[in-house]
Amino acid sequence: MHWRLSEEGRSRCLRLADEIQPFAPLVVACSNEVKAFETAEILTRTLDLAPPIQSVGLREHQRDNEPFSEKSIFEAKVKKFFSEPTQLVFGHETADEAYQRFEKATHSLVAQYVHSTIVMVTHGTVISLLVSRHNRVEPFRFWQELGLPSLVVLSLTDYKIRSVITKVV
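Not measured: the values here are computed from a predicted model.

Visitor: What is the right way to read the sheet that holds strand β1 (residues 27-30) from this model?
Guide: The strands that make up a sheet are held in pairs by hydrogen bonds between backbone atoms, and each pair lies either parallel or antiparallel. Pairing is parallel across the open sheet formed by three strands, whose spatial order is β2-β1-β3. Either end of the sheet is taken by a strand with one partner, and the two such strands are β2 (53-54) and β3 (118-121). Here β1 pairs with β2 via two bridges, running parallel. Paired with cysteine 30 across the two strands is glutamine 54, which belongs to β2. Those strands touched by helix α4 (residues 95-112) are β1 and β3, and its axis lies near 155° from that of β3.

Here you go:
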């Protein structure tokens, strides 16, 4: 399934741009997923930046082989995904594999844009993995608190949390 932004989602992206602007970003990177790219395009146009850079490494935990399920079942799978990071709980990647891919892509962007503020349009489980492994944060709880869209500001030297807006409305 290729999720697209709704009208409300596009409107929230404009408000997200307002929240991001004070950080003076110079580059926007995103996963290759449609919704992330649409978000990144709105941000770059609104903030008058170069077109977004796509990185497959920023994509969500790979689980396109999973059927759509009710919220409680999905959340139970995600909880197990975080609590058993070395086990293939669902999808095509373990939590450790998703984290390693995502962290590698993040490190690459940071190295390439070392003196820049980088906006990364990415996804809930992978950002929760990164945040939890560099901060004293329980990944499932952090993931649960994130809304659409959210803003997580991290230091690029150690990925420590600087600010979190759990839902831009």
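Visitor: Hey, could you run me through the nonpolar core in this one?
Guide: Nonpolar side chains in soluble globular proteins tend to be buried together. Ranked by internal contacts, the top residues of the largest apolar core, which has 26 residues, are Phe81, Phe82, Ile127, Leu129 and Leu130. Residue assignment for this core shows that the elements contributing at least two residues are β1, α3 (71-83), α4, α5 (124-134) and α6 (139-145). No other element matches the seven residues that α4 contributes to this core. The residues touching leucine 129, leaving out its near neighbours within four places in the chain, are Phe81, Phe82, Ala95, Ala98 and Tyr99. Counting 14 residues, the second-largest nonpolar core is a separate cluster that includes Ile20, Ala36, Val121 and Val153.

Visitor: What exactly am I supposed to notice about the packing of aromatic side chains here?
Guide: Remark: the centre distance and the inter-plane angle together describe each pair of aromatic rings, the angle taken between the planes. Evaluation of the coordinates by the stated rule reveals five aromatic pairs. When the centroid spacing of 6.3 Å and the interplanar angle of 80° are considered together, the rings of phenylalanine 74 and phenylalanine 90 count as edge-to-face. Note that phenylalanine 74 is positioned in helix α3 and phenylalanine 90 in the loop between α3 and α4, a separation of 16 residues in sequence. Since its relative accessible area comes to 24%, phenylalanine 74 is described here as partly exposed. We classify phenylalanine 90 as buried; its relative accessible area is 4%. Taking the centre distance of 5.6 Å and the plane angle of 25° together, the rings of phenylalanine 140 and tryptophan 143 count as stacked. Within this pair, phenylalanine 140 and its partner tryptophan 143 are both found in helix α6, separated by three residues, close to a single helical turn. One exposure class covers both phenylalanine 140 and tryptophan 143, and it is buried. Through successive ring pairs, a cluster of aromatic residues spans Phe74, Phe81, Phe82, Phe90, Phe140 and Trp143. Here the guanidinium or amino end of arginine 133 rests over the ring plane of tyrosine 99, the centre of that ring lying 4.5 Å away.

Conventions used here
- Residues numbered from 1 in each chain as written.
- Predicted model: local features only at pLDDT ≥ 70, side-chain atom pairs only at ≥ 80, totals over all residues.
- Heavy atoms only, no water.
- Pairing = 2+ DSSP bridges.
- Helix = DSSP H or I, 4+ residues; strand = E, 2+ residues; numbered from the N terminus.
- Contact = heavy atoms within 4.5 Å.
- Axes fitted to C-alpha atoms, helices over the stretch in contact; angles between N-to-C directions.
- Core = buried A, V, L, I, M, F, W, Y, C linked by side-chain atoms within 4.5 Å.
- Buried < 20%, exposed > 50% of the residue type's maximum accessible area, 1.4 Å probe, protein only.
- Phe/Tyr/Trp six-rings, centres within 6.5 Å; stacked < 30°, edge-to-face > 60°.
- Lys NZ or Arg CZ within 6 Å of the ring centre and 35° of its normal.

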